[in-house]
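# Structural overview for review
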Amino acid sequence: MLRKLLRLVLLLVVLLIVAAAALWVYIDHVAAKVLTDGIEYAGDAPCTVGAVDVSLAAGSVDVRDLTVGNPSGYGPGEMLTVGRAALEIEVATLWNGPVHVRRLEVTAPVVRIVAKDGRSNLAAFLETVRAKTGVEDGPETRLRVHRVVIDGARVQVGSGLTGRGLIATDLERFELTDLHGPDGRGITTGELAASILVECGWRGAAGARIELDSILPAELTGGMQVVSGPLGVVLKGAGDLITSPWRALLGAGSRPASRPAPPE
């Protein structure tokens, strides 16, 4: 009897070792799939990543060469490219979501905004994300992001929106804080990408001196009650005040990120 019990214990130990080894080998692949599948599902746009390196010991995730293509109908171009994104995570939350991301630093993102039939690719992406927010059969992995740092961003606004040719604007370093979703249940990778795109789009519009409605139309950004505190913030662009549903959707913190003054 004792011999059988020892064999059972030994078998369990071996299975645990095999499971741990499999997790160690495949965790980078799993993380890459979670990232790309979440963005593709939320925004109905192709997404690829060059490499994802996960270090459970250090509590870090390193993402290289992330690309989000244009939504359907806007050509084969790239809407968002990110050279590198570095995440500091709380490892214990990986198995008890939402996953807490203490810090996300996005380096050298490029947002390319183009128009078709009077509508931008950015607006099409955000419309799809908004429609799929809260859908139960979507990707289950959710994040609570405490701090996002965007450094070295560039926004390119196409001639179809500016009327003056392609305009590229280099953005100063800026931050977003406490993206946690309704009731603190977390946000998907697609919603995280949307929040970054919205902020860059607003700043790109200011730099290109065009109306914000050309990039983010009123049906996406307006029509919501203006709220203060942790549920919303008012954006000001090109002389117009609008309410951003993304602040309410993502549950942004009560202290809004600093913004450059819109052009006069």
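Worth saying up front: this structure is predicted, and the values here are computed from it rather than measured. (Residues numbered from 1 in each chain as written. Predicted model: local features only at pLDDT ≥ 70, side-chain atom pairs only at ≥ 80, totals over all residues. Heavy atoms only, no water.)

### Quick word on the overall build of the chain
The number of helices and strands found in the chain is six helices and 12 strands. The 264 residues of the chain split such that 44% are buried. The contacts of the chain with a sequence gap of at least 6 include a subset with a gap of at least 24, amounting to 65%. When the accessible surface of the chain is totalled, it reaches about 13,400 Å², and 57% of it is carbon and sulfur. (Helix = DSSP H or I, 4+ residues; strand = E, 2+ residues; numbered from the N terminus. Buried < 20%, exposed > 50% of the residue type's maximum accessible area, 1.4 Å probe, protein only. Contact = heavy atoms within 4.5 Å. Areas by Shrake-Rupley, 256 points an atom, 1.4 Å probe, with all protein chains shown as cover.)

### Here's the deal with the environment of Leu-104
Relative to the elements of secondary structure, Leu-104 occurs in strand 4 (residues 99–113). Residue Leu-104 is classed as buried on the basis of its relative accessible area of 4%. Distance from Leu-104 to Ile-89, taken between C-alpha atoms, is 8.8 Å for residues 15 residues apart in sequence. For Leu-104, the residues in contact, after removing those within four places along its chain, are Ala-85, Ala-86, Leu-87, Val-145, Arg-147, Val-148, Val-149 and Leu-192.

### As for helix 4 (residues 189–208)
In this model, helix 4 (20 residues) spans 28 Å end to end at C-alpha, consistent with the 28 Å of a helix rising 1.5 Å per residue. Counting buried positions along helix 4 yields 19 of 20 residues, so the element is predominantly enclosed. In the stretch just after helix 4, Arg-209 is the one whose phi turns positive, near 55°. (Expected span 1.5 Å × (residues − 1).)

### Notes on the nonpolar core
Leu-104, Phe-125, Val-145, Val-148, Leu-192 and Ile-215 are the most contacted members of the largest nonpolar core, which totals 57 residues. Here this core gets 10 residues from one element, more than from any other, and that element is helix 4. Excluding residues that lie within four positions of it along the chain, Leu-192 makes contacts with Leu-104, Leu-143, Val-145, Val-148, Leu-179 and Ile-187. (Core = buried A, V, L, I, M, F, W, Y, C linked by side-chain atoms within 4.5 Å.)

### What to know about the layout of surface pockets
The volume enclosed by the largest pocket comes to roughly 770 Å³. If you trace the largest pocket, you find 34 residues lining it, with Ala-31, Val-34, Leu-87, Leu-143 and Thr-189 closest to the centre. Mapped by element, the contributors of at least two residues to the lining of the largest pocket are helix 1 (2–43), strand 1 (47–55), strand 2 (60–69), strand 3 (78–89), strand 4 and helix 4. Ranked by residue count, the leading element in the lining of the largest pocket is helix 1, at seven residues. Here the residues of the lining of the largest pocket are counted per class, giving 28 nonpolar, four polar and two charged. (1 Å grid on protein atoms, 1.4 Å probe; cavity = no way out; pocket = protein on both sides within 12 Å on 5 of 7 lines; lining within 4 Å. Points joined across faces, edges and corners; volume = space filled by probe spheres on them. Nonpolar A, V, L, I, M, F, W, Y, C, P; charged D, E, K, R; others polar.)

### Some thoughts on the pairing of strand 1
In this structure, strand 1 lies alongside strand 2, joined through eight bridges in antiparallel fashion. Paired with Ser-55 across the strands is Ser-60, a residue of strand 2. Linking strand 1 back to strand 2 in an antiparallel pair, the connection comprises four residues, with Gly-59 at a positive phi of about 65°. (Pairing = 2+ DSSP bridges.)

### Quick word on the confidence of the model for the chain
The predicted model of the chain has a mean per-residue pLDDT of 76, with 69% of residues at 70 or higher. Note that pLDDT drops below 50 for residues 19–24; the model gives that stretch three contacts with residues more than four away or on any other chain. Here residues 222–246 is modelled with pLDDT under 50, and outside its nearest four sequence neighbours on either side it reaches 57 contacts, counting other chains as well. (pLDDT = per-residue confidence, 0-100.)

### Quick notes on the pairing of strand 7 (residues 143–151)
The pairing of strand 4 with strand 7 spans seven bridges and is parallel. Bridging across to strand 7, Val-101 finds its partner in Val-145.

### Description of the environment of Pro-76
If you trace the backbone, Pro-76 turns up in the loop between strand 2 and strand 3. Taking the C-alpha atoms as reference points, Pro-76 and Pro-46, separated by 30 residues in sequence, lie 9.5 Å from one another.

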